[in-house]
Amino acid sequence: MRQFIVSAGSAGMLLSLLAAGGAAQELEQRHRGFWLGLGFGGGWSRTFGNSGRGGASYIRAGGTVNQHVLVGGEALVWFRDGGDNRSVERVNASLTAMVYPGSRGGLFFKGGFGAASHDIDSDTQRDGIGVTTGMGFDFKIAGNLYLTPNVDVLTQFLRDDTSTSLLFTVGLGWH
């Protein structure tokens with residue numbers, strides 16, 4: 001658990017440094033209407049007394065409330081096809097809010113609440129409640145297209161256990 005906390009703190013510091021560099025460039029965000037994002041990466045999961053590394057992906061879409069708040073839906077997935085011949089998949093499907101505290105720069109914080117699913121070898125599935133928290137930074141590539149590194153923490157409250165994953169992803173966003 002200590003490694004998990006150190007990794008999360010290191011990731012937060014890295015994103016803060018990236019945000020400071022981006023803010024220095026005075027990137028002005030223009031959030032309007034519909035937005036969409038898709039990303040891939042990796043992460044760590046502590047699940048039912050076991051921990052391991054695996055892949056990660058997300059898809060998110062929604063609408064703009066104002067220049068500082070985007071709301072929508074998001075599905076975050078952590079998966080592993082382990083050396084122990086067991087495949088594991090964790091999914092959080094959440095209603096999510098992304099908050100951009102500044103009017104310049106692309107730093108955002110996000111939180112979501114919804115359904116969680118944990119699947120082992122496609123025959124053992126546990127469902128419950130999922131909570132997602134995270135942060136990221138939108139680097140403008142061109143027009144309405146952004147490159148977005150993210151750090152997310154997925155927490156799942158299942159009927160007989162609680163599990164946590166730390167995900168690092170990079171995606172493309174359009175808004």
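Everything discussed here concerns the structure shown above.
My aim in this report is to walk through the structure given alongside it, one point at a time.

Rules and cut-offs
Residues numbered from 1 in each chain as written. Predicted model: local features only at pLDDT ≥ 70, side-chain atom pairs only at ≥ 80, totals over all residues. Heavy atoms only, no water. Salt bridge = Lys/Arg side-chain N within 4 Å of Asp/Glu carboxyl O. Helix = DSSP H or I, 4+ residues; strand = E, 2+ residues; numbered from the N terminus. Buried < 20%, exposed > 50% of the residue type's maximum accessible area, 1.4 Å probe, protein only. Patch = residues over 30% accessible without salt bridge, like charges linked within 9 Å, V, L, I, M, F, W, Y side chains within 5 Å. Areas by Shrake-Rupley, 256 points an atom, 1.4 Å probe, with all protein chains shown as cover. Contact = heavy atoms within 4.5 Å. Core = buried A, V, L, I, M, F, W, Y, C linked by side-chain atoms within 4.5 Å.

Remarks on the pattern of salt bridges
Thought 1: For the structure on display, the rule yields 3 salt bridges.
Thought 2: Among the ionic pairs, lysine 110 bridges to aspartate 152, the shortest N-O distance being 2.9 Å. Highlighted residues: lysine 110 in strand E5 (residues 107-120) and aspartate 152 in strand E8 (residues 145-158), separated in sequence by 42 residues. By the burial criterion, lysine 110 is buried, and aspartate 152 matches it.
Thought 3: Because the salt bridges share partners, they merge into one network encompassing Arg60, Glu74, Lys110 and Asp152.

A short note on a nonpolar patch on the surface
Thought 1: Residues Phe34, Leu36, Leu38, Phe40, Ile59, Ile141, Leu145, Leu147, Val170, Leu172 and Trp174 make up a contiguous nonpolar surface patch of roughly 1,000 Å² in combined accessible area.
Thought 2: Listing elements by their share of the nonpolar patch, those giving two or more residues are strand E1 (34-47), E8 and strand E9 (161-174).
Thought 3: Of the residues forming the nonpolar patch, the biggest block, 4 residues, is contributed by E1.
Thought 4: Mapped onto the fold, leucine 145 is located in strand E8.
Thought 5: You can call leucine 145 partly exposed: its relative accessible area is 33%.

As for the side chain of serine 94
Thought 1: Mapped onto the elements, serine 94 comes out in strand E4 (residues 87-99).
Thought 2: Since its relative accessible area comes to 6%, serine 94 is described here as buried.
Thought 3: Not counting chain neighbours up to four residues away, the residues in contact with serine 94 comprise Gly72, Gly73, Glu74, Gly112, Phe113, Gly114, Gly130 and Thr132.

Focus on the nonpolar core
Thought 1: Residues Ala56, Tyr58, Leu76, Trp78, Val88, Leu154 and Leu167 constitute the largest nonpolar core, which totals 7 residues.
Thought 2: Of all elements in the fold, only strand E2 (50-66) and strand E3 (69-81) reach the threshold of two or more residues within this core.
Thought 3: Discounting residues that sit within four places of it in the chain, tryptophan 78 has contacts with Gly43, Trp44, Ser45, Gly52, Arg53, Gly54, Gly55, Val88, Glu89, Arg90, Ser165 and Leu167.
Thought 4: Trp35, Leu70, Met98 and Tyr100 belong to the second-largest nonpolar core, a separate cluster that totals 5 residues.

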